[in-house]
Amino acid sequence: MRTQVAIIGSGPAGLLLGQLLHRAGVESVILERRSKDYVLSRIRAGVLEQGTTDLLSKVGVDARLKAEGLPHEGFAIGFANRRQRIDLKDLTGQCVTVYGQTEVTRDLMAAREAAGLTTVYEAEGVSLDAFDGASPRVHWTKDGRAHDLACDFIAGCDGFHGVSRASAPAGALETFERVYPFGWLGVLADVPPCSHELIYAGHDRGFALCSMRSPTRSRYYIQCGSDERVENWSDDRFWDELRHRLDPDAAANVVTGPSIEKSIAPLRSFVAEPLRFGRLFLAGDAAHIVPPTGAKGLNLAASDVHYLSEALIERYADRSEAGLDAYSGRALARIWKSERFSWWMTSLLHRFADQNAFERRMQEAEFIYLEESRAARTSLAENYVGLPY
Ligand code: RFL
Ligand code: PHB
């Protein structure tokens, strides 16, 4: 088997890259460790920046996004029972779209299938070979048989636990990391959201987030201990704890119901540098992780593959390596700014076990500054809607 670009991973990064390349006439094969159904069952992000929706429109995968995505012109930040609206539209002229990552993935998979492009699901033991030379190869097994793919370039879009970053030559990679001493317990339920806009709430008992997938489907999160077990959280316990952490108005509007998904995610900030090793390029969660508080992970995956697709397309059109040489630097410049914002939102809104009274007052002062200063709200808003590419 031979292709131009071997893409490892069929998450949003790999699928969007495949579609951007296809629109420019560049071939790809996607290798995915899991089954299609498994990939589609993962409940993750919900907030898309304008840049991300523009990319989906560019590849012609926006029909359902336009019909079903919910445009949000603002959101609220709560602290100590007070709530402050961040008017994204007024502060930046832009808004965000609430549309589940699962739906983005489903739409991109459908477009890939309609175009007759190859995705190999349940590819086991994927390994990357010879990417330091001109003829990289990828090996895997499926149904007990060994397979081999020759390609010009490999795009490592296989998430934080993937094989691509782990294949970088020893000593070539520098990593930067902060692991937060807590996680998020998330619940998806077919109940109307408690508010038509998202609410991020910093409370003495810990952070809470009210989000949604549609007017009839809610997504809620609460901060929990990093060693917490999901089995210990009955639906009732979750709803009680959520209401405790919201301001009285929001709490009164919470409609409870049986959860259809419940899971715990750890929180981490992580960046690997550089993003290129010969003919292997990293993009998305394979290269970096942000805590979900800023809603940036999926959006960063999209901006990475925007830069990478431009560089690969330029390479095939003009035989110029300039874009490929610049990829790591261009992508990392935007990644670090999103890392900063996600870390700042996380630091502002969570309860840290070792936090003293002074640090709590610092969080409160930051919140009051947001209430009183349009400049502070503008800074938050321009990061939330997404910094320019
Ligand atoms: P993914 O989605 O992890 O996809 C990687 C794919 O690679 C496959 N894979 C392999 N395939 C072949 N061989 C191997 N050895 C492989 N190893 C792994 C995996 O099976 C998978 O299919 O990475 P990608 O494409 O970079 O996308 C990143 C996003 O998924 C992630 O950043 C976001 O979900 C983060 N995130 C959010 N981002 C936002 O922009 N807005 C949000 O509102 C938001 N909320 C969230 C989030 C992430 C969360 N969790 C669970 C971590 C909320 C949560 C709770
Ligand atoms: C979500 O709806 O899953 C969501 C929304 C905003 C975030 C994180 C997750 O910051």
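In short, a report on the structure.

Cut-offs and rules
Residues numbered from 1 in each chain as written. Chains lettered and ligands numbered in written order. Predicted model: local features only at pLDDT ≥ 70, side-chain atom pairs only at ≥ 80, totals over all residues. Heavy atoms only, no water. Helix = DSSP H or I, 4+ residues; strand = E, 2+ residues; numbered from the N terminus. Rg over C-alpha atoms; globule rule 2.2 N^0.38 Å. Buried < 20%, exposed > 50% of the residue type's maximum accessible area, 1.4 Å probe, protein only. Areas by Shrake-Rupley, 256 points an atom, 1.4 Å probe, with all protein chains shown as cover. Core = buried A, V, L, I, M, F, W, Y, C linked by side-chain atoms within 4.5 Å. Contact = heavy atoms within 4.5 Å. Polar contact = N/O pair within 3.5 Å; in protein donor to acceptor, adjacent residues only side chain to side chain. Near = heavy atom within 4 Å. Nonpolar A, V, L, I, M, F, W, Y, C, P; charged D, E, K, R; others polar. Expected span 1.5 Å × (residues − 1). Bend = angle between axes of the 7 residues up to and from the residue. Arc of directions from axis to C-beta. Pairing = 2+ DSSP bridges. Axes fitted to C-alpha atoms, helices over the stretch in contact; angles between N-to-C directions. Phe/Tyr/Trp six-rings, centres within 6.5 Å; stacked < 30°, edge-to-face > 60°. Lys NZ or Arg CZ within 6 Å of the ring centre and 35° of its normal.

What follows is about the overall build of the protein. Of regular secondary structure, the protein possesses 12 helices and 20 strands. Taking 2.2 N^0.38 as the reference for a compact globule, 389 residues should give roughly 21 Å; the C-alpha atoms of the protein span a radius of gyration of 21 Å, in line with that estimate. Along the three orthogonal principal directions, the C-alpha set of the protein runs to about 60 × 40 × 40 Å. Within the protein, buried positions represent 55% of all 389 residues. Carbon and sulfur atoms make up 49% of the accessible area of the protein, which amounts to about 16,300 Å² in all.

Now for the nonpolar core. Residues L16, L31 and V138 are the most contacted members of the largest nonpolar core, which totals 65 residues. Considering each element in turn, this core owes the most residues, 10 residues, to helix α9 (residues 297-318). Excluding its chain neighbours within four sequence positions, the residues that come into contact with L16 are L55, L56, V59, L108, A302 and V305. Residues I86, F182, W184 and W344 belong to the second largest nonpolar core, which totals 34 residues.

What follows concerns the side chain of H203. Counting through the fold element by element, H203 comes out in the loop between β14 (199-202) and β15 (208-214). Taking the relative accessible area as the measure of exposure, H203 reaches 16% and is therefore buried. Within polar-contact distance, the side chain of H203 engages the backbone nitrogen of R205 at 2.9 Å. Separated by 3.2 Å, the side chain of H203 and the backbone oxygen of H244 make a polar contact. Ignoring anything within four residues of it in the chain, the contact list for H203 reads H244, R245, L349, R351 and R360.

We now examine the site of ligand 1. Around ligand 1 sit 33 residues, and of these E32, R42, Q101, D285 and L298 come closest. Contact between ligand 1 and E32: an oxygen atom at 2.6 Å from a side-chain N or O atom of the residue. Note that an oxygen atom of ligand 1 is positioned 2.7 Å from one of the backbone N or O atoms of L298. Within the complex, 89% of the 1,000 Å² of free accessible area of ligand 1 lies under protein. When residues in the shell around ligand 1 are grouped by element, the largest group, three residues, is from α9. Partitioning the shell around ligand 1 into residue classes produces 15 nonpolar, 10 polar and eight charged.

In this section: the site of ligand 2. The environment of ligand 2 is formed by 14 residues, the closest being Y200, S211, R213, Y221 and P292. A distance of 2.8 Å is found between an oxygen atom of ligand 2 and a side-chain nitrogen or oxygen belonging to Y200. At 2.6 Å, a side-chain N or O of S211 approaches an oxygen atom of ligand 2. Considered on its own, ligand 2 offers 270 Å² of accessible surface; in the complex 97% of this is hidden by protein. Of all the elements, β15 adds the most residues to the shell around ligand 2, at three residues.

Relative to the 40 Å expected for 28 residues at 1.5 Å per residue, helix α10 (residues 322-349) spans 41 Å between its end C-alpha atoms, a close match to the ideal helical length. Residue S328 marks the point of greatest curvature in α10, where the axis turns by about 30°.

Below, the discussion takes up helix α11 (residues 357-372). With 16 residues, α11 extends 22 Å from end C-alpha to end C-alpha; this agrees with the ideal 22 Å at 1.5 Å per step. Within the span of α11, buried status applies to R360, Q363, F367 and L370. All buried residues of α11 lie within an arc of 75° about the axis, which places them on one face of the element. Across α11 from its buried face, at more than 90 degrees, point the exposed residues A357, F358, R361 and E372. Residues of α11 that are buried make contact with β5 (74-79), β6 (82-87), β14, α10 and α12 (374-385). N-cap assignment for α11: the residue whose side-chain oxygen lies 3.1 Å from the backbone N of F358 is N356.

On to the sheet that holds strand β4 (residues 70-72). Whether parallel or antiparallel, the strands of a sheet pair through hydrogen bonds between backbone atoms. Taken together, the three strands give an open sheet; going across it, the order is β3-β7-β4, and neighbouring strands pair in antiparallel fashion. The open sheet has two edge strands with one neighbour each: β3 (47-48) and β4. Sheet topology note: the β3/strand β7 (residues 96-98) ladder contains two bridges and is antiparallel. Its bridge partner lying in β7, L48 is registered against T97.

What follows deals with the sheet that holds strand β11 (residues 145-150). Taken in spatial order, the three strands line up as β9-β10-β11 in an open sheet, and their pairing is antiparallel. Because the sheet does not close on itself, it has two edges, and the strands there are β9 (124-129) and β11. Between one strand axis and the next, the sheet turns by 15° as a mean value, whatever way the strands run. Alignment of strand β10 (residues 137-142) against β11, held across six bridges, turns out to be antiparallel. The residue bridging H139 from the neighbouring strand is D148, located in β11.

Our next topic: the packing of aromatic side chains. How two aromatic rings sit relative to each other is set out by the distance from centre to centre and by the angle between their planes. Counted under the stated rule, the structure contains 18 aromatic pairs. Look at Y200 and Y384: their rings are 6.0 Å apart centre to centre, the planes differ by 90°, and that puts the pair in the edge-to-face class. On the criterion of sequence distance, the pair formed by Y200 in strand β14 and Y384 in helix α12 is long-range, its members being 184 residues apart. Each member of the pair Y200 and Y384 is classed as buried. Judged by centre distance (6.0 Å) and plane angle (70°), the ring pair of F281 and Y327 falls under edge-to-face. With F281 in strand β19 (residues 280-282) and Y327 in helix α10, the pair connects residues that are 46 residues apart, well separated along the chain. Accessibility assignment for this pair places F281 and Y327 in one class, buried. Joined through ring pairs, the aromatic side chains of F75, W184, Y200, F207, Y221 and Y384 make up one cluster. Positioned above the aromatic ring of Y384 is the side chain of K296, whose terminal nitrogen or guanidinium carbon lies 5.6 Å from the ring centre. Lying across the ring of Y316, R315 places its NZ or CZ 5.8 Å from the centre.

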